[in-house]
Amino acid sequence: MFPMFAHDLEKEKAYQISRFDRDHLLGNASPHPIELDGETWATVEHYFQAQMVANETVMAKIKQAPSAEEAYKIGTSWFRRKRKDWKQIRRVMMTRALYTKAQMYPDVKAALLKTGDELIIETSAYDHYWGIGRDQRGDNMLGKTWMDVRRKLLENITVNAS
């Protein structure tokens, strides 16, 4: 008889990150300011949350938030209005932020490239889009986005070596 949810060894052995881990180089909350769209953002999470909202005042509050967690709270408050095209562009915005972070910080780039061809997963038990979710059947878009950035960095290295 098969259990309802089979144990997934691939995910257990994967390179695991947490979106809000300040100490992890690949976390969105790590203290690595990024420069995008002519502005400096305290973290990837600050940038990402600000792009989600359609209100300049709220964007400014997110940008000034003292932590990535606070930026997240402001950006995801139920009463805030999201951009109408947010579902279509959210992965693009995350890709821009992560790629910029990896390009700006050699330690981040090295940590990402060190993962080789490992599966990268975001371990959130509650976020089924960016993470794997409690049942490990989430979309894991943050992990997939980091793997896309890794592939692009490796392509650039190969092109430059030619």
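Cut-offs and rules
Every residue gets a number counted from 1 within its own chain, in the order that chain's sequence is written. With pLDDT at 70 or above as the cut-off, local features in this predicted model cover only qualifying residues; side-chain atom pairs require 80 or more to be listed or tallied, and sums for whole chains, interfaces and linings still use all residues. Only heavy atoms go into the side-chain values, all of them from the structure, while hydrogens and water stay out. What makes a salt bridge here is a side-chain nitrogen of Lys or Arg within 4 Å of a carboxyl oxygen of Asp or Glu, nothing more. Note on conventions: DSSP H or I runs of at least 4 residues are helices, E runs of at least 2 residues are strands, and numbering of each starts at the N terminus. Relative accessibility decides the category of a residue: with a 1.4 Å probe and only protein chains considered, values under 20% of the type maximum give buried, values over 50% give exposed, and everything between is partly exposed. What the arc describes is the spread of directions from the helix axis to the C-beta atoms. Contact between two residues is taken to exist if any of their heavy atoms lie within 4.5 Å; hydrogens are not considered.

Describing the pattern of salt bridges
Here comes step 1: Enumeration over the complete set of coordinates arrives at ten salt bridges.
Here comes step 2: Close ionic contact of D148 with R91 constitutes a salt bridge, the shortest N to O distance being 2.6 Å. With D148 in helix 7 (residues 141–161) and R91 in helix 5 (residues 86–104), this residue pair connects regions lying 57 residues apart in the sequence.
Here comes step 3: What makes D148 partly exposed here is its relative accessible area of 27%.

Some details on the environment of K61
Here comes step 1: On the secondary structure map, K61 appears in helix 3 (residues 56–64).
Here comes step 2: C-alpha separation for the pair K61 and L112, spaced 51 residues apart in sequence, amounts to 30 Å.

What to know about helix 6 (residues 106–114)
Here comes step 1: Taken together, the buried positions of helix 6 are occupied by V108, A111 and L112. Along the axis of helix 6, the buried positions cluster into a sector of 95 degrees, meaning they face one direction only. Opposite the packed face of helix 6, turned more than 90 degrees from it, sit the exposed residues P106 and K114.
Here comes step 2: Those residues of helix 6 that are buried lie in contact with helix 5, strand 4 (120–122) and helix 7.
Here comes step 3: Taken from the residues just after helix 6, G116 is the one with a positive phi, measuring 60 degrees.

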